[in-house]
Amino acid sequence: MTLTQADHTDLGTLLAFALQPNQRPGRSPEYRRVLGRYRTELDFRLATDAVLHGLDTRVLSDGDFGLVLGVNPESPFAFRVADLPNAATRDGRLLAGLVLVGIAAYAYPSPADLDEERVRRIPETEFEQWLRAACDRLRGRDGAGEPIPDEGLDEAWRAYHKKPAHRVGERGRGAGRLSPKCTLYWVRNTLAWLAEQGMARPETSGGAWVLTERFRIQVKDMASEPAYTVLAAIGRGEHLRRNEVAPVPLDEEDD
């Protein structure tokens, strides 16, 4: 079937919705209509996928959260860590990137977790302590002469480890507020950015966030990344040795 001008308009409408991460089919009859075409009309689906392929982009899911897209690094829609708020400096990019991968590993430490559709809660302070403990393990590995299989992760854990968990500003507009010189600031900053992308939402009581299904889908797509693999193994209580993963009970490893 040859697509008409109206079909191409619907295709553009669907992509416009997909590129707005906080849009939901449940909130928009028009989004539900064009998403329904993608789900049920083969020609419309193939045309949409072809346009996305040309943009180095692909569909990861067409479920209740709408059309969730995955992008290749060359795509004009590719995310860069520098896109996060206040992550313009080298240290900022390292810290934001580590926190982002750490959230994924903390929430989904195993393939089974990635396949399970359930709410994942991230308490800011508890997660910061978990990530700091993970950095301690990486420091121990470094001290034992064991290489970290990802150069960025090797640099990032050092940047994270040297900063205090909590510090507030003392002067100017930042007085009394979390300082970028502490790691809890980067945890909160990154979670707030995820919320803007439709991948998390803050709990009403404060101090904790809930990850959405959209985040799980994105993590599943990047689960082979070395930094995630290392942190997820730590989250499972495993100790990485060279090129293998050897389970070691946490209390024995601590000894």
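Presented here is an overview of the structure given in this document. If you're wondering where the values come from, they're calculated on a predicted model, not measured in any experiment.

Counting its regular elements, the protein chain contains eleven helices and seven strands. In terms of its C-alpha atoms, the protein chain occupies a principal-axis envelope of roughly 65 × 50 × 30 Å. Roughly 13,400 Å² of accessible area belongs to the protein chain as shown, and the carbon and sulfur atoms make up 50% of that amount. Distance between charge centres in the protein chain, computed from 34 positive and 39 negative side chains, equals 6 Å.

Take the pairing of strand β5 (residues 208-211) next. The alternating pattern of β5 places A208 and V210 on one face and W209 and L211 on the opposite face, and all of these are buried. By the bridge criterion, four bridges tie strand β3 (residues 120-123) to β5 in an arrangement that is antiparallel. The residue bridging I122 from the neighbouring strand is W209, located in β5. Both strand β4 (residues 200-202) and β5 contribute to a ladder of three bridges, which runs antiparallel.

Moving on, we come to the packing of aromatic side chains. In this structure the tally under the stated criterion is six aromatic pairs. Relative to F127, the ring of Y106 has its centre 5.4 Å away and its plane inclined at 80°; by these criteria the two rings are edge-to-face. One end of the pair, Y106, is in helix α4 (residues 90-107); the other, F127, is in helix α6 (residues 124-143), with 21 residues separating them in the sequence. For Y106, a relative accessible area of 18% gives the class buried.

A volume near 1,500 Å³ is recorded for the largest pocket. Considering the residues around the largest pocket, the lining is formed by 42 residues, among which V71, F79, R80, L100 and M222 are closest to the centre. Looking at the lining of the largest pocket, the elements that each hand over two or more residues are β2 (68-71), α4, α7 (151-161), α8 (183-196), α9 (213-221) and α10 (226-235). Residue composition of the lining of the largest pocket, by class: 26 nonpolar, six polar and ten charged. Looking at the second largest pocket, its volume works out to about 360 Å³. Forming the boundary of the second largest pocket are 14 residues, of which R177, L178, S179, P180 and Y185 lie nearest the centre. The residue inventory of the lining of the second largest pocket, partitioned by class, reads four nonpolar, five polar and five charged.

As a further point, take the packing of α4 against α8. Where α4 meets α8, the axes come as close as 9 Å, and the angle between the chain directions of the two elements is 65°. Here α4 lies roughly perpendicular to α8, going by the angle between them. With respect to the hand of their crossing, α4 and α8 are arranged in right-handed fashion. Side by side, α4 and α8 meet where G92, L95, A96, V99, L100 and I103 of the first sit next to W186, V187, T190, L191, W193 and L194 of the second. Taken together, the residues of the contact of α4 with α8 break down into ten nonpolar, two polar and no charged.

Our focus in this paragraph is unusual backbone geometry. In this structure, D56 is a non-glycine residue whose phi angle is positive, near 55°. Counting through the fold element by element, D56 comes out in the loop between α3 (42-54) and β1 (57-61).

With that out of the way, let us pick up a nonpolar patch on the surface. A contiguous nonpolar patch, built from L19, V71 and F77 and spanning about 220 Å² of accessible area, is present on the exposed surface. Looking at the element boundaries, L19 is found in the loop between α1 (5-18) and α2 (29-40).

Moving on, we come to the packing of α1 against α2. The geometry of a pair of packed helices is captured by two quantities: the angle between their axes and the separation between those axes. Between α1 and α2, whose axes approach to 9 Å, the crossing angle comes to 110°. Accordingly, the angle class assigned to the pair α1 and α2 is roughly perpendicular. Pair α1 / α2 crosses with left-handed handedness. Two secondary-structure elements touch here, α1 through D7, D10, T13, L14, F17 and A18 and α2 through E30, Y31, R33, V34, L35, R37 and Y38.

So, about the sheet that holds β3. Picture the strands of a sheet paired through backbone hydrogen bonds; they go either parallel or antiparallel. Spatial strand order, β3-β5-β4: three strands in an open sheet with antiparallel pairing. Two strands lie at the open edges of the sheet, namely β3 and β4, each paired on one side alone. The average undirected angle you get between the axes of adjacent strands in this sheet is 25°. The sheet contacts of α6 involve β3 and β5, and relative to β3 the element is tilted by about 80°.

To continue, consider the side chain of T57. Here T57 is to be found in strand β1. Look at T57 and you get buried, because its relative accessible area is 5%. Within the structure, the side chain of T57 is placed 3.0 Å from the backbone oxygen of L55, a separation counted as a polar contact. Those residues in contact with T57 that lie beyond four places of it in its chain are L52, L69, G70, V71, S75 and F77.

Reading the values: rules and limits
- Residues numbered from 1 in each chain as written.
- Predicted model: local features only at pLDDT ≥ 70, side-chain atom pairs only at ≥ 80, totals over all residues.
- Heavy atoms only, no water.
- Helix = DSSP H or I, 4+ residues; strand = E, 2+ residues; numbered from the N terminus.
- Areas by Shrake-Rupley, 256 points an atom, 1.4 Å probe, with all protein chains shown as cover.
- Lys, Arg positive; Asp, Glu negative; His and termini not counted.
- Charge placed at Lys NZ, Arg CZ, Asp CG, Glu CD.
- Buried < 20%, exposed > 50% of the residue type's maximum accessible area, 1.4 Å probe, protein only.
- Pairing = 2+ DSSP bridges.
- Phe/Tyr/Trp six-rings, centres within 6.5 Å; stacked < 30°, edge-to-face > 60°.
- 1 Å grid on protein atoms, 1.4 Å probe; cavity = no way out; pocket = protein on both sides within 12 Å on 5 of 7 lines; lining within 4 Å.
- Points joined across faces, edges and corners; volume = space filled by probe spheres on them.
- Nonpolar A, V, L, I, M, F, W, Y, C, P; charged D, E, K, R; others polar.
- Axes fitted to C-alpha atoms, helices over the stretch in contact; angles between N-to-C directions.
- Parallel < 35°, antiparallel > 145°, perpendicular 65-115°, else oblique.
- Left-handed = near helix turned anticlockwise from the far one by under 90°.
- Contact = heavy atoms within 4.5 Å.
- Patch = residues over 30% accessible without salt bridge, like charges linked within 9 Å, V, L, I, M, F, W, Y side chains within 5 Å.
- Salt bridge = Lys/Arg side-chain N within 4 Å of Asp/Glu carboxyl O.
- Polar contact = N/O pair within 3.5 Å; in protein donor to acceptor, adjacent residues only side chain to side chain.

The values are spatial; any link to function lies outside them.
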